[in-house]
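Each chain is listed here by its residues.
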Amino acid sequence: MVGASLAGLSAARSLRRQGYDGRLVVIGDELHRPYDRPPLSKEFLAGSLAESELALEPDDEDLRADWLLGVRAVGLDGPRRVVRLADGGEVRADGVVIATGAAARTLPGADALAGVHTLRTLDDARALRDELALGGRLVVIGGGFIGAEVASTAYALGLDVTVVEAAPTPLAGPLGQTMGGIVSALHADHGVRLLCGVGVKGLRGGSRVDAVLLADGRTLAADTVVVGVGARPCVEWLAGSGLRLDDGVTCGADGRTELPGVVAVGDCASWYDPRAGLHRRVEHWTGARERPDAAVTALLAGGAVEPGVPRPPYFWSDQYGVKIQFAGHAAAADSVTIEEGAGDDRNVLAVYRRSGHPVAVLGMNQPRLFTRWRKQLAAAA
């Protein structure tokens, strides 16, 4: 198991649940045991959730695994299924689960300035939480879900917050233009400045950042900067392994790769979606929890099991006290209609359709209706 976060842990649990009783080795480049990432930008960052509450393993769980933590995988001999480690060691296996996740993208020169943060790991969240406790002016670069959640948390902590988004409409990728505009209006509702359609030219500062320089010539004073411009799959260590790498590890609909005995799960895996006829990477908590079951089944069966159709992806976000839930693929839709509530009230149930058939659903403070529609999407799939 290469990767010790939620996807790797889920695969380890599935192996034991499905009857595998052999040796199980879990390799993780962080020193921490598996922890929950969604609260890092919300409750943990706000200080309302203790670090101990992030743990994904109950005290009485025993997977009978050998945990190699703080050790980075640097290569894979695919045909021989040998994982090479940064400390010079190697692990030979009959089966390999790749679950190395994704890493936050950053800006050129950002690493040289104090006060500039990304948010992906527990260590990232610890450092950012300490900075936000000092107050001041925060500039968030990127209006996606991570950036929006950090902005919401910082606003509640009393900081002066500005969000900069290069696209004309934040969240247009995952939600589409119409609903992306409605959701991102939450910033303005709470007095958080949102600057759209402008890129970032660079960061200014000596040893510590003091401003964000915009492409249109404006300068935003900043005491702290959070860069939330997406993530890249952690697959560079797999170069030369024989695996096909194209925005992640290319897999079938059950996580199987082109190498026998090797599957991939989680944020680093680009699974085939038979509904759309293409490969997709799903960077969401539910995918990391649910999809390893299918991959482990295929791994233990040696590929003899016909793959099923993965459930439509689902994710959620909490911003400014509003619960946002989404399932499906907005890009597959040719229309979107508000079925319940009103956009101005930020209390909405919207259904995305293609040729009249539902392909996605969005809820803002509509948990009951959303759950009903999500079940319909899963049944249709």
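Calculation rules
Position labels on residues start from 1 in each chain and follow its written sequence. Local features in this predicted model are restricted to residues of pLDDT 70 or higher, and side-chain atom pairs are both shown and tallied only at a pLDDT of 80 or more, whereas totals for entire chains, interfaces and linings draw on every residue. As a rule here, side-chain values cover all heavy atoms of the structure and leave hydrogens and water aside. Elements are defined by DSSP. Helices are runs of H or I of four residues or more, strands are runs of E of two residues or more, and each kind is numbered from the N terminus. We compute the radius of gyration over the C-alpha atoms and compare it with the globule rule, which gives 2.2 Å times the number of residues raised to the power 0.38. Exposure is judged per residue with a 1.4 Å probe applied to protein chains only, and the accessible area is read against the type maximum: over 50% gives exposed, under 20% gives buried, and values in between give partly exposed. Whether two residues are in contact is decided by their heavy atoms, any of which lying within 4.5 Å being enough. Any Phe, Tyr or Trp ring, taking Trp's six-membered ring, that has another such ring centre within 6.5 Å forms a pair; planes under 30 degrees apart are called stacked, those over 60 apart edge-to-face, and the others tilted. By convention in these notes, a salt bridge is any Lys or Arg side-chain nitrogen within 4 Å of a carboxyl oxygen on Asp or Glu. For two strands to pair, DSSP has to find at least two bridges joining them. To estimate the expected span of a helix, subtract one from its residue number and multiply by 1.5 Å. Take the buried residues of types Ala, Val, Leu, Ile, Met, Phe, Trp, Tyr and Cys, join any two whose side-chain atoms come within 4.5 Å, and each joined set is a nonpolar core. Lines fitted to the C-alpha atoms define the axes, with helices restricted to the stretch that makes contact. Angles between their N-to-C directions range from 0 to 180 degrees. Here is the rule for angles: anything less than 35 degrees is roughly parallel, anything more than 145 is roughly antiparallel, 65 through 115 is roughly perpendicular, and the remaining ranges are oblique. By convention, the crossing between two helices is left-handed when the near helix turns anticlockwise from the far helix through less than a right angle, and right-handed when the turn is clockwise. Three categories are distinguished: nonpolar for Ala, Val, Leu, Ile, Met, Phe, Trp, Tyr, Cys and Pro, charged for Asp, Glu, Lys and Arg, and polar for the others, with Gly belonging to the last.

Student: Can you explain the overall build of the protein chain? Please cite residues and give values.
Tutor: Looking only at helices and strands, one finds 8 helices and 25 strands in the protein chain. Against the globule reference of 21 Å for 381 residues, the protein chain gives a C-alpha radius of gyration of 21 Å, in line with a compact fold. If you line up the protein chain on its principal axes, its C-alpha atoms span 55 × 55 × 40 Å. Per-residue burial for the protein chain yields a buried fraction of 50% across its 381 residues. Intrachain contacts of the protein chain at a sequence separation of at least 6 include 58% that bridge at least 24 residues.

Student: Lay out the packing of aromatic side chains in plain terms, naming residues and giving numbers.
Tutor: Within the structure shown, the criterion is met by 7 aromatic pairs. Both rings, one in Phe145 and one in Phe315, keep their centres 5.0 Å apart while their planes meet at 65°; by these two values the pair is edge-to-face. Here the residue Phe145 occupies a position in helix 4 (residues 145–156), and Phe315 occupies one in strand 21 (residues 314–319), the gap between them amounting to 170 residues. Across the pair, exposure class does not vary: Phe145 and Phe315 are buried alike. An aromatic cluster of at least three residues, connected via ring pairs, comprises Phe145, Phe315, Phe326 and Tyr352.

Student: Quick one: what's the story with the environment of Leu113, residue by residue and with numbers?
Tutor: Along the chain, the position of Leu113 falls in the loop between strand 7 (102–104) and strand 8 (116–117). Owing to a relative accessible area of 12%, Leu113 belongs among the buried residues under this scheme. Between the C-alpha atom of Leu113 and that of Leu278, which follows or precedes it by 165 residues, the distance is 40 Å. In this structure Leu113 touches Leu203, Arg204, Gly205, Gly206, Ser207, Arg208 and Val209, once residues within four positions along its chain are discounted.

Student: I'd like a description of the pattern of salt bridges, backed by residues and values.
Tutor: When charged atoms on two side chains of opposite charge get close, those side chains can pair. One pass over the structure, following the stated rule, counts 26 salt bridges. With a closest N to O distance of 3.0 Å, Arg33 and Glu57 form a salt bridge. Of this pair, Arg33 sits in the loop between strand 1 (24–28) and helix 2 (43–46) while Glu57 sits in the loop between helix 2 and strand 2 (65–69), placing them 24 residues apart in sequence. Residue Asp273 is joined to Arg280 by a salt bridge in which the shortest nitrogen-to-oxygen separation is 3.0 Å. The burial state of Asp273 is the same as that of Arg280; both residues are buried. Among the charged side chains, a salt-bridge network with shared partners connects Glu51, Asp123 and Arg126.

Student: Describe the sheet that holds strand 15 (residues 224–227), listing the residues and the values that go with them.
Tutor: Taken in spatial order, the 5 strands of this open sheet run 8-15-9-10-11, and their pairing is parallel. Strands with a single pairing partner mark the edges of an open sheet, and in this sheet they are strand 8 and strand 11 (193–196). Note that strand 10 (residues 160–165) and strand 11 share 4 bridges and pair parallel. Within the sheet, the bridge partner assigned to Val163 lies in strand 11 and is Leu194.

Student: Tell me what's going on with the pairing of strand 19 (residues 269–273), and back it up with residues and numbers.
Tutor: With 4 of its 5 residues buried, strand 19 lies for the most part within the structure. Bridge analysis of strand 17 (residues 249–250) against strand 19 gives 2 bridges, and the strand direction is parallel. Bridging from a neighbouring strand, Thr250 pairs with Ser270 of strand 19. When strand 19 meets strand 20 (residues 278–281), the two strands line up antiparallel, connected through 4 bridges. Each bridged residue has a counterpart across the sheet, and for Ser270 the counterpart in strand 20 is Arg281. The turn joining strand 19 and strand 20, which pair antiparallel and follow one another in sequence, is formed by 4 residues; a positive phi near 75° is taken by Gly277.

Student: Got a sec to walk through unusual backbone geometry? Specific residues and values, please.
Tutor: Positive phi, close to 50°, is recorded for Asp247, a residue that is not glycine. Within the element layout of this structure, Asp247 appears in the loop between strand 16 (231–233) and strand 17. Judged by its relative accessible area of 46%, Asp247 falls in the partly exposed class. With a phi close to 55°, Tyr320 is a non-glycine residue in the positive phi region. Tracing the backbone through its elements, the reader meets Tyr320 in the loop between strand 21 and strand 22 (322–328). Accessibility expressed as a relative area gives 12% for Tyr320, which makes it buried.

Student: So what's going on with helix 6 (residues 177–189)? Which residues, and what values?
Tutor: Taking 1.5 Å of rise per residue, 13 residues should cover 18 Å, and helix 6 covers 18 Å from first to last C-alpha, within 8% of that figure. Within helix 6 the residues assigned to the buried category are Met179, Gly180, Ile182, Val183, Ser184, Ala185, Leu186 and His187. Backbone geometry just after helix 6 places Gly191 at a positive phi near 80°.

Student: Before we move on, could you go through the nonpolar core and cite the residues and values that matter?
Tutor: Formed by 44 residues in total, the largest nonpolar core has its most connected members in Met1, Val83, Ile98, Trp237, Leu238, Leu243 and Val249. Sorting the residues of this core by element identifies helix 1 (6–17), strand 1, strand 3 (73–77), strand 4 (82–85), strand 6 (96–98), strand 18 (262–264), strand 19 and helix 7 (285–301) as the ones contributing at least two each. Broken down by element, the residue count for this core peaks at 6 residues, all from helix 1. Leaving out residues up to four positions away in the same chain, Val249 has contacts with Ile98, Val235, Leu238, Leu243, Arg244, Thr257, Ala264, Cys268, Ala269 and Ser270. By size, the runner-up hydrophobic cluster in this structure holds 40 residues, among which are Phe44, Leu128, Ala154 and Val183.

Student: Could you give an account of the packing of helix 1 against helix 7, with specific residues and numbers?
Tutor: Running from amino to carboxyl end, helix 1 crosses helix 7 at an angle of 40°, the nearest separation of the two axes being 8 Å. Taken together, the axis directions place helix 1 and helix 7 in an arrangement best described as oblique. In the packing of helix 1 onto helix 7, the handedness of the crossing is right-handed. Along the contact surface, helix 1 presents Leu6, Ala7, Ser10, Ala11, Ser14, Leu15 and Arg17, while helix 7 presents Trp285, Ala288, Arg289, Pro292, Asp293, Val296 and Leu300. When grouped by side-chain class, the residues that make up the contact of helix 1 with helix 7 number 9 nonpolar, 2 polar and 3 charged.

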